[in-house]
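Residues per chain, in single letters:
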Amino acid sequence: MRSFYLILLLLASSFFCKAQTSTKQLAAFPLSVAEQNSLMATWEKKTVLDAKLIDDMEAKGKWIVTSIGQMSYTRDRAKDGKQSLRFRTSIRDTEYLALPGNKTKWGSQMFNINGQAGASSLQLHFDTPQDSSGYNRISFWIYVHPTAKASLLALRAQRSLSC
């Protein structure tokens, strides 16, 4: 009796599975993308309140580089003007890794909050605080030389408050 119910269950399930696959059309793969509904299309439609050029990269000496990063100016590519800023860094800072304070008591690597084995950055400091309340976006051109390693781009603005 038990095997009869098992056979009946198998027959019923195969019938329902066959009925589902025969009446349902599968969607074409890959799915088509409705570009007009994308986030990029929404951003492009957003009104720009105002524009201000922060740096055209034509004059040297405004930017500073931290840690193992290397900075130079290049005339290979430029959006406007003649040159652009070139920033190079390594994913792994071997000098940072060798420092005694960066090892646990078991000899394994201790990572800091700024990134894996140290972090490098480009910084632009202004002589006076900048009022960005009239702007609703920031944009810049980046030319990337892709590698097999992952990279992270982060923007951080620091405000100085006066009481």
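As shown above, the structure is provided for reference.
Computed from a predicted structure; not experimentally measured.

**With respect to unusual backbone geometry**
Next, step 1: Positive phi, normally seen in glycine, also occurs at Met-57, with a value near 65 degrees.
Next, step 2: Tracing the chain through its elements places Met-57 in the loop between helix H2 (39–45) and strand S1 (63–65).
Next, step 3: For Met-57, a relative accessible area of 17% gives the class buried.

**Description of the environment of Gln-36**
Next, step 1: For Gln-36, the position within the fold is in the loop between helix H1 (2–23) and H2.
Next, step 2: Non-local contacts of Gln-36, meaning those with residues more than four positions away in its chain, are made with Ala-41 and Lys-45.

**Considerations on the pattern of salt bridges**
Next, step 1: The final tally for this structure, using the stated rule, is 2 salt bridges.
Next, step 2: In this structure, the salt-bridge partner of Arg-86 is Asp-76, at a minimum N-O distance of 2.8 Å. One end of the pair, Arg-86, is in strand S3 (residues 84–88); the other, Asp-76, is in the loop between strand S2 (70–74) and S3, and 10 residues separate them in sequence.
Next, step 3: By relative accessible area, Asp-76 is classed as exposed at 61%.

**Concerning the side chain of Ser-84**
Next, step 1: Mapped onto the fold, Ser-84 is located in strand S3.
Next, step 2: By relative accessible area, Ser-84 is classed as buried at 13%.
Next, step 3: For Ser-84, the side chain forms a polar contact with the main-chain oxygen of Arg-77, separated by 2.7 Å.
Next, step 4: Those residues in contact with Ser-84 that lie beyond four places of it in its chain are Met-57, Ser-72, Tyr-73, Thr-74, Arg-77 and Ala-78.

Scoring rules and cut-offs
Residues numbered from 1 in each chain as written. Predicted model: local features only at pLDDT ≥ 70, side-chain atom pairs only at ≥ 80, totals over all residues. Heavy atoms only, no water. Helix = DSSP H or I, 4+ residues; strand = E, 2+ residues; numbered from the N terminus. Buried < 20%, exposed > 50% of the residue type's maximum accessible area, 1.4 Å probe, protein only. Contact = heavy atoms within 4.5 Å. Salt bridge = Lys/Arg side-chain N within 4 Å of Asp/Glu carboxyl O. Polar contact = N/O pair within 3.5 Å; in protein donor to acceptor, adjacent residues only side chain to side chain.

Remember, this is a structural readout, not a statement about activity or role.
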